[in-house]
Amino acid sequence: MEQASVLQGIQVLDMTEALAGPLCAMMLGDLGADVLKIERPGSGDMSRGWAPPYVGTESAYFLSTNRNKRSMTLNLKHLSLIHISEPTRLLSISYAVFCLKKKNKTNNTTKVTQ
């Protein structure tokens, strides 16, 4: 019988770059959390370009801190509202230029200001 993961059922929104944030979110994924990494359109996470060495076409550094994650791009510069779904339990952010302010407590809509 397979044992359940410690963080199974927990969703993590990873909006971090470089080392500390991605490493933390990766460890949460290793423990069974469902991690969604948000990256900038076009360039993605800055560590994608930190190479050589490469593994295929990917930076080895990026791959070493981003396993167990799903990834998508999202242009936060033109985004006025973010909806954080109810099951999301952890939001990890390192984009210092953005400030999240609660707009509506009933539908979990959060306004993003620059």
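What you see is a predicted model, and the numbers here were worked out from it, not measured in a lab. (Residues numbered from 1 in each chain as written. Predicted model: local features only at pLDDT ≥ 70, side-chain atom pairs only at ≥ 80, totals over all residues. Heavy atoms only, no water.)

## Side note on the nonpolar core
Under the convention used in this document: Note on terminology: a nonpolar core comprises buried Ala, Val, Leu, Ile, Met, Phe, Trp, Tyr and Cys residues joined through side-chain atoms within 4.5 Å. The buried label applies to any residue whose accessible area, calculated with a 1.4 Å probe on protein chains only, is under 20% of its type's maximum; exposed applies above 50%, and partly exposed to all values in between. In what follows, residue pairs with any heavy atoms lying within 4.5 Å of each other are defined as contacts.
Formed by Val12, Ala25, Leu28, Ala33 and Val35, the largest nonpolar core amounts to five residues. Sequence-distant contacts of Val35, defined by excluding residues within four places in its chain, comprise Val12, Asp14, Ala25, Leu28, Gly29, Asn68, Lys69 and Arg70.

## What to know about the pattern of salt bridges
Keep this limit in mind: In the sections that follow, a salt bridge refers to a side-chain nitrogen of Lys or Arg positioned within 4 Å of a carboxyl oxygen of Asp or Glu. Secondary structure elements follow DSSP: runs of H or I no shorter than four residues count as helices, runs of E no shorter than two count as strands, and numbering proceeds from the N terminus.
For the coordinates displayed, the defined rule picks out eight salt bridges. The salt bridge involving Arg67 is made with Asp30; its shortest N-O contact spans 2.8 Å. Of this pair, Arg67 sits in the loop between α2 (60-64) and β5 (69-73) while Asp30 is found in helix α1 (residues 20-30), placing the two residues 37 residues apart along the sequence. Given a relative accessible area of 43%, Arg67 falls into the partly exposed group. Using a relative accessible area of 35% as the deciding quantity, one classes Asp30 as partly exposed. Residue Asp34 pairs with Arg70 through a salt bridge whose shortest N-O separation is 3.0 Å. Of this pair, Asp34 sits in strand β2 (residues 34-39) while Arg70 sits in strand β5; the two residues are 36 residues apart in sequence, bridging distant segments of the chain. For Asp34, a relative accessible area of 28% puts it in the partly exposed group.

## As for the packing of aromatic side chains
Selection criterion: Pairing of aromatic rings covers Phe, Tyr and Trp, the last through its six-membered ring, and needs centres within 6.5 Å; plane angles under 30 degrees mean stacked, over 60 mean edge-to-face, and all others mean tilted.
Counted according to the given criterion, the structure contains one aromatic pair. Ring centres of Trp50 and Tyr61 lie 5.0 Å apart, and the angle between their planes is 55°; this geometry places the pair in the tilted category. In this pair, Trp50 sits in the loop between β2 and β3 (54-55) while Tyr61 sits in helix α2, placing the two residues eleven residues apart along the sequence.

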